[in-house]
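Notes for the structure review
Each chain, letter by letter, is given below.
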There are 2 protein chains.
Amino acid sequence: MKLASVKTGGRDGKLVVVSRDLTKAITVPDIAPTMQIAIENWQTAAPQLNAVYERLESGNLQGAEQFHFDPVDVHSPLPRTYHWVDGSAYVNHVELVRKARGAEMPESFWHDPLVYQGAGDDLLGPRDDIPVPSEDFGIDMESETAVITDYVPMSTKAKDAAQHIKLLMLVNDVSLRNLIPAELAKGFGFYQGKPATAFSPVAVTQDELGGAWNEGTVNLPLVTHLNGKVLGQPECGVDMTFNFLQLIEHVTKSRNLGAGTIIGSGTISNYDRSRGSSCLAEVRMLETIEHGKPKTSFMKYGDVVRIEMFDKEGNSIFGAIEQKVVPAPQPE
Amino acid sequence: MKLASVKTGGRDGKLVVVSRDLTKAITVPDIAPTMQIAIENWQTAAPQLNAVYERLESGNLQGAEQFHFDPVDVHSPLPRTYHWVDGSAYVNHVELVRKARGAEMPESFWHDPLVYQGAGDDLLGPRDDIPVPSEDFGIDMESETAVITDYVPMSTKAKDAAQHIKLLMLVNDVSLRNLIPAELAKGFGFYQGKPATAFSPVAVTQDELGGAWNEGTVNLPLVTHLNGKVLGQPECGVDMTFNFLQLIEHVTKSRNLGAGTIIGSGTISNYDRSRGSSCLAEVRMLETIEHGKPKTSFMKYGDVVRIEMFDKEGNSIFGAIEQKVVPAPQPE
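A few points about the overall build of chain A
Within chain A, the secondary structure is distributed over six helices and 20 strands. For a compact globule of 332 residues, the expected C-alpha radius of gyration is about 20 Å, and chain A comes in at 19 Å, within 12% of that figure. By its C-alpha atoms, chain A is 60 × 45 × 45 Å across when sized along the principal axes. For chain A, buried positions account for 61% of its 332 residues. Total accessible area on chain A stands at roughly 12,500 Å², and carbon and sulfur atoms take up 49% of it.

Brief notes about the side chain of A:Ser175
All names here are of chain A. Along the chain, Ser 175 falls in strand E11 (residues 175-176). Looking at Ser 175, its side chain comes within polar contact range of the main-chain oxygen of Asp 173, at 3.0 Å. Not counting the four nearest positions on each side in its chain, Ser 175 is found in contact with Gly 138, Ile 139, Asp 140, Glu 142, Ile 180, Gly 193, Lys 194 and Pro 195.

Some remarks on the sheet that holds strand E16 (residues 223-226) of chain B
Residues and elements named next belong to chain B. Here five strands make up an open sheet; going across it, the order is E7-E20-E19-E16-E17 and the pairing mixed. Looking at strand neighbours, the two that pair on one side only are strand E7 (130-132) and strand E17 (229-232), the edges of this open sheet. Averaged over neighbouring strand pairs, the angle between their axes works out to 25° when direction is ignored. As paired elements, E16 and strand E19 (residues 304-308) share four bridges and run antiparallel to each other. Bridging from a neighbouring strand, Leu 226 pairs with Val 305 of E19.

As for the packing of aromatic side chains
How two aromatic rings sit relative to each other is set out by the distance from centre to centre and by the angle between their planes. Under the defined criterion, the tally for this structure stands at nine aromatic pairs over all chains. Relative to B:Phe190, the ring of A:Phe188 lies with its centre 4.7 Å away and its plane at 65°, an arrangement referred to as edge-to-face. You can see A:Phe188 sitting in the loop between helix H4 (180-185) and strand E12 (198-199) and its partner B:Phe190 sitting in the loop between helix H4 (180-185) and strand E12 (198-199), one on each of two chains. Accessibility classification places A:Phe188 together with B:Phe190 in one group, the buried group. Measuring from ring centre to ring centre gives 5.0 Å for B:Tyr116 and B:Phe190, while their planes differ by 65°; the resulting arrangement is edge-to-face. A residue pair is termed long-range when its members are at least 10 positions apart, and B:Tyr116 in strand E6 (residues 115-118) and B:Phe190 in the loop between H4 and E12 qualify at 74 residues. Through a chain of ring-to-ring contacts, the aromatic side chains of A:Tyr116, A:Phe190 and B:Phe188 assemble into a single cluster.

Let's talk about helix H3 (residues 91-100) of chain B
Residues and elements named next belong to chain B. Among all positions of H3, only Val 91, Asn 92, His 93, Val 94, Leu 96 and Arg 98 are buried. On the buried face of H3, the contacting elements are helix H6 (280-291). Where H3 terminates, the next one or two residues include Gly 102, which has phi positive at roughly 75°.

Examining the pairing of strand E2 (residues 14-18) of chain B
All names here are of chain B. Most of E2 is tucked away, with four of its five residues classed as buried. As paired strands, strand E1 (residues 2-6) and E2 are joined by five bridges and run antiparallel to one another. Residue pairing across strands places Val 6 opposite Lys 14, the latter belonging to E2. In terms of strand pairing, E2 meets strand E3 (residues 24-27) through three bridges, oriented antiparallel. Following the sheet pairing, Val 18 is matched in E3 by Ala 25. Counted between consecutive antiparallel strands, the loop separating E2 from E3 contains five residues, among which Leu 22 sits at a positive phi close to 65°.

Section: the packing of helix H3 (residues 91-100) of chain A against helix H6 (residues 280-291) of chain A
Residue and element names in this part refer to chain A. Taken N-terminus to C-terminus, the directions of H3 and H6 make an angle of 45°; their axes are 9 Å apart at the nearest point. Judged by the inter-axis angle, H3 sits oblique to H6. You can see that H3 and H6 cross each other, and the crossing is left-handed. Residues His 93, Leu 96, Val 97, Lys 99 and Ala 100 of H3 pack against Glu 282, Met 285, Leu 286, Thr 288 and Ile 289 of H6. Grouping the amino acids of the contact of H3 with H6 by side-chain chemistry returns six nonpolar, two polar and two charged.

Looking at helix H2 (residues 42-58) of chain B
Residues and elements named next belong to chain B. The first and last C-alpha atoms of H2 sit 23 Å apart over 17 residues, in line with the 24 Å expected at 1.5 Å per residue. Next to the buried residues of H2 lie E1, E2, E3, helix H1 (35-40), strand E4 (66-68) and strand E10 (165-172). Just past H2, the residue Gly 59 takes up positive phi, approximately 75°.

Side note on the sheet that holds strand E19 (residues 304-308) of chain A
Residues and elements named next belong to chain A. Pairing in this open sheet of five strands is mixed, and the strands run E7-E20-E19-E16-E17 from one edge to the other. Strands with a single pairing partner mark the edges of an open sheet, and in this sheet they are strand E7 (130-132) and strand E17 (229-232). Across the sheet, the axes of successive neighbouring strands diverge by a mean angle of 25°, strand direction being ignored. Looking at chain direction, E19 and strand E20 (residues 321-327) are connected through four bridges and run antiparallel. Residue pairing in the sheet places Arg 306 in a bridge with Glu 322 of E20.

Describing unusual backbone geometry
All names here are of chain A. One non-glycine residue with positive phi stands out, namely Leu 22, at about 65°. Structurally, the position occupied by Leu 22 is in the loop between strand E2 (14-18) and strand E3 (24-27). Classification of Leu 22 as buried rests on a relative accessible area of 13%.

Quick word on the relation of the copies chain B and chain A
When chain B is fitted to chain A, the residual RMSD is 0.0 Å, and the transformation amounts to a turn of 180° plus an axial shift of 0.0 Å. Look at the turn and shift together and you get a two-fold axis relating the two. Every residue of chain B has its C-alpha some distance from the rotation axis, and the shortest such distance is that of B:Gly189, at 1.8 Å.

Notes on the interface of chain B and chain A
Listed by partner, the interface residues are 54 residues for chain B and 54 residues for chain A. Looking only at chain B, the three residues that lose the most surface to chain A are B:Tyr82, B:Phe188 and B:Tyr191, adding up to 21% of its buried area. Across the contact surface, chain B and chain A share six salt bridges. A salt bridge links A:Arg255 to B:Asp121, with the shortest nitrogen-to-oxygen separation between them at 3.4 Å. Between the two partners, chain B and chain A, sit 30 residue pairs in polar contact (both at pLDDT 80 or more). Within the residue set of the side of chain B that touches chain A, elements represented by two or more residues are H1, E6 and helix H5 (244-251) of chain B. Here the side of chain B that touches chain A takes four residues from E6(B), the largest share from any one element.

Description of the side chain of A:Lys166
The topology assignment puts A:Lys166 in strand E10 (residues 165-172). Among all residues touching A:Lys166, those that are not within four sequence positions of it are A:Ile39, A:Trp42, A:Ile148, A:Thr149, A:Asp150, A:Val204, A:Thr205 and A:Gln206.

What to know about the confidence of the model for chain A
Looking at chain A, the pLDDT average stands at 96 and 99% of residues meet or exceed 70. Interface scoring of the predicted complex returns ipTM 0.97; its pTM is 0.98.

The rules we used
- Residues numbered from 1 in each chain as written.
- Chains lettered and ligands numbered in written order.
- Predicted model: local features only at pLDDT ≥ 70, side-chain atom pairs only at ≥ 80, totals over all residues.
- Heavy atoms only, no water.
- Helix = DSSP H or I, 4+ residues; strand = E, 2+ residues; numbered from the N terminus.
- Rg over C-alpha atoms; globule rule 2.2 N^0.38 Å.
- Buried < 20%, exposed > 50% of the residue type's maximum accessible area, 1.4 Å probe, protein only.
- Areas by Shrake-Rupley, 256 points an atom, 1.4 Å probe, with all protein chains shown as cover.
- Polar contact = N/O pair within 3.5 Å; in protein donor to acceptor, adjacent residues only side chain to side chain.
- Contact = heavy atoms within 4.5 Å.
- Pairing = 2+ DSSP bridges.
- Axes fitted to C-alpha atoms, helices over the stretch in contact; angles between N-to-C directions.
- Phe/Tyr/Trp six-rings, centres within 6.5 Å; stacked < 30°, edge-to-face > 60°.
- Parallel < 35°, antiparallel > 145°, perpendicular 65-115°, else oblique.
- Left-handed = near helix turned anticlockwise from the far one by under 90°.
- Nonpolar A, V, L, I, M, F, W, Y, C, P; charged D, E, K, R; others polar.
- Expected span 1.5 Å × (residues − 1).
- Least-squares fit on C-alpha atoms with pLDDT ≥ 70 in both.
- Buried area = accessible area lost by both parts, 1.4 Å probe.
- Salt bridge = Lys/Arg side-chain N within 4 Å of Asp/Glu carboxyl O.
- pLDDT = per-residue confidence, 0-100.

Have a look at this one:
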């Protein structure tokens, strides 16, 4: 099934079940008013939500109950989250970052996952503008996949992790490249360099991917457009060094995950460079390695990024993230 | 006034108003069922909560409505949060960390605040045990102060930040010292090294500190005990390089803060070493600088840490954080 959160009913929106073709939706207040509440009560909520989904798909619903689904009207599926942690599972991308600045990547990076802790209070909707105070911050997208988990106890092993993955999404992990070097040099990781993140219009259960979900990995390409031109369409199932099951083992080493935790894959990247890139930083690194310096600039105000995934029949699975970069309003 | 969240009514608990002497409490479901909802509606909720507080203080309440307040029964005031960011405002402490490993601290650390992004889904109550899978992780406390903000827009300046600080708390920012070096060496900051954090039994408005709250700083000592012995009682108002107003300017450079954001001060630390320390890492660094190696070990299972702040009359302001370190349960 496919679920979304429409922008009514406060900061958490209102949970809706969305048709497979992303044209129709229906609210489900009697099952769960919000996505967070659905995830916290997934064992009872999921079968009921799925029953509504089947009726919606079969056309077996009163016309008055359903409405036209428009991704402009939705928050991210979880409009805010208590825990957003993003992996860097495509280690070839990390290797490239290091290579571009002439540094060796430690061999341990192939065995020990790298993640960063994000904030979940200020997520953007899939069609919301990206507000940035200055173009000089070096505005970039990162196209990724992500999972939503239920409660996961500390010390969970990869082999036991699959049961905790309830929903899948796409991500635009907006990054401010020119703030990052000084920030990382301080040693405590990202903060200012990782502003509000956006997720796809709908979150879907694993069966919506058919055979394309396997062993904690999405086996489909993720397509990124910048201003209408394809930037990349790498295969998410290729070169993913750590799958989501392994990422869950890593992030539960010393803590429990609350229900509604979002775990990201990191920027999708293939060794096959003909697949293109999922962020401008990678494009610029490849240019640096080839030409000694980057040619492509980061995003400017007015630039539009679009991130989408299609099934084997060419249908959009999650709907598209499509966001325009704009100047941030000054506080009053 | 003083507010707490009792452990009934689900993961967010139930908001209660607590008497100044921390002996009595009363639920306020008609004003706000949870702390998160109170913070989101602070402008209307605060005067109503304060009216209840005044009636509770004056003894002008029916006996049946109020109940005995016991810090064992509460979550942290915000039982979970969408945004937990912790500063390192006591730069002398950071300088000491570097000195102990023979490294220079960059001069910029005196002008550019250092923060790390924490997760807010798995906060501990003030009297909850601290579950850790292994004593080898290097278990340590960090005693700190913290503020809870309402919604703070991007690009807020320090001079405009005071209005956004709604409540104050104490923090035990539990740290796993032996996981941290390898984690920070990867370059993306803390994750496994910073497990679940605990906060004081009550959160208080600034007037509860009398003149001790000034210019975004708490001007009182913070007392840390380990197994009944004083570890330190440094002055929070001394050597705080960045006050909370400056920290708010830093953390809103590229993002908004959602209502209910918690900002921590970092480990309280004074140049006057006779004040003792607020974490074992600092004790060990001082020993390393003096003797070449540390003598004090990190916490073991069964060890108890207590963190408390007293007003000038010797009354506990926030109640005590008091936590025992225990082995983490293995998942079923």
